[in-house]
Amino acid sequence: MKTIDDLDVAGRRVLVRSDLNVPLDGTRITDDGRIRASVPTIATLAERGARVVVCAHLGRPKGQVRPGLSLRPVATRLGELLGREVRFASDVVGASAADTVAALVDGDVAVLENLRFEAAETSKDDAERGAFAEKLAGPAELYVGDGFGAVHRRHASVYDVPRRLPHAAGGLVLAEVEVLRRLTTSPKRPYVVVLGGAKLSDKLGVIAGVLDLADRLVIGGGMGYTFLKAQGHEVGRSLLEADQVEAVRGYLDTAEAKGVEVVLPVDVVTVAEFKADAEAVVVASDAIPADREGVDIGPRTRELFEGKLADAATVFWNGPMGVFEMAPFAAGTKAVAQAISEVDGLTVVGGGDSAAAVRQLGFADEAFGHISTGGGASLEYLEGKTLPGLEALED
Ligand code: ADP
Ligand code: MG
């Protein structure tokens, strides 16, 4: 993979695919980690006299222009972090983008509007995506792929544009890949993988990969209930992916066959109503009442998980242990974050919400070896999949 040092960028229009997909509360950015992580590559290019055009997506507007998902506040924040003016184009490949790019002088930075306002960006139709990629690549002379959080997507800006322009990987993508390589190539043992969060079906694939790598798999969060169900327990109104129960049973069998220890919650915090001030009741994980839902791991599970992390030499963590956004249900996530921060070895936190959680709970980035900007991307890498955005950056 070429790096930006291999490109002669001075005076050239460089299209940078960044991952600026930050969590928003209205127009307020609640965690700017991905913007911060994108700054070094953009700053380096600008300092070298490139005319930098940043493209990125925000949320899931599904091909519609959704003013609430405009990248404008993100461009403003990027400007603050860069300490230089950032121009903003109010469309992706329209008149505003053309004018904005044409007006750039050496060292300028512009951000295009949310890529996903254009349905073709994520189209499954190669021709449709390709036609859009032509337009996006059109005004640019070089391409830098730095949006690690999107490299697992076969999207126009990630996959099709670099095939049309001389390209290089940005510093963030290189750093992320280096850490993932260390996680998959003779990691120090015991190697503990902690999984949680909501989207079990998105994460099932990684479990297969992890069973070949890790010594121990610790599972909490919303996905934990499907595991409890697979073990024959009722989970009340907790998050459950009923169509995945069989698959999970298969993974539990495989884990046993491969000698990977699977650690599940032994108690859970439950509520009758999904709200922060609901009365919380801790129950054993095999006795969740039918009318309650689990929103966090319980105190005995916190201790259990802490113990399972105490001797770890390598840790990968993706997915909060509970609904950490509501303070009363953040204790499990906090305990796991604390235990991982105390591990003497390589510790990696991956996932948008997981990264947001550790920062929101007051942990410094330095408490962990690496906070990945990509959840799905790191998971698919660990699964052993070929990531389209990395493939496209190979020479
Ligand atoms: P990441 O972005 O780090 O990959 P996910 O998106 O998979 O993580 O999951 C994060 C979400 O999971 C959070 O919004 C959190 O509230 C939710 N979550 C965690 N535990 C539960 C639970 N027990 N019930 C419902 N939602 C949960
Ligand atoms: Mg998420």
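Up top you'll find the structure we're talking about.
First things first, this report covers the structure right here in the doc. Since the model is a prediction, treat every value here as computed from it, not as a measurement. (Residues numbered from 1 in each chain as written. Chains lettered and ligands numbered in written order. Predicted model: local features only at pLDDT ≥ 70, side-chain atom pairs only at ≥ 80, totals over all residues. Heavy atoms only, no water.)

So, the site of ligand 1
In the neighbourhood of ligand 1, 20 residues make up the surrounding shell, with Ala-198, Lys-203, Glu-325, Asp-353 and Ser-354 lying closest. Within the side chain of Ser-354, one N or O atom sits 2.5 Å away from an oxygen atom of ligand 1. In isolation ligand 1 exposes 570 Å². Once the protein is present, 88% of that is buried. Mapped by element, the contributors of at least two residues to the shell around ligand 1 are strand E14 (293-297) and helix H12 (352-360). When residues of the shell around ligand 1 are assigned to their parent elements, the largest contribution, three residues, is made by H12. In terms of residue class, the shell around ligand 1 is built from six nonpolar, 10 polar and four charged. (Near = heavy atom within 4 Å. Polar contact = N/O pair within 3.5 Å; in protein donor to acceptor, adjacent residues only side chain to side chain. Areas by Shrake-Rupley, 256 points an atom, 1.4 Å probe, with all protein chains shown as cover. Helix = DSSP H or I, 4+ residues; strand = E, 2+ residues; numbered from the N terminus. Nonpolar A, V, L, I, M, F, W, Y, C, P; charged D, E, K, R; others polar.)

Let's talk about helix H3 (residues 95-102)
Along H3, the residues that are buried comprise Ser-96, Ala-97, Thr-100 and Val-101. Projected down its long axis, H3 carries its buried residues within an arc of 125°, all on one side. Exposed and oriented more than 90 degrees from the buried face of H3 are Ala-95, Asp-99 and Ala-102. Considering only its buried residues, H3 is in contact with strand E1 (13-17), strand E4 (51-55), strand E5 (86-88) and strand E6 (109-111). (Buried < 20%, exposed > 50% of the residue type's maximum accessible area, 1.4 Å probe, protein only. Arc of directions from axis to C-beta. Contact = heavy atoms within 4.5 Å.)

No statement about biological role is implied by the geometric values presented.
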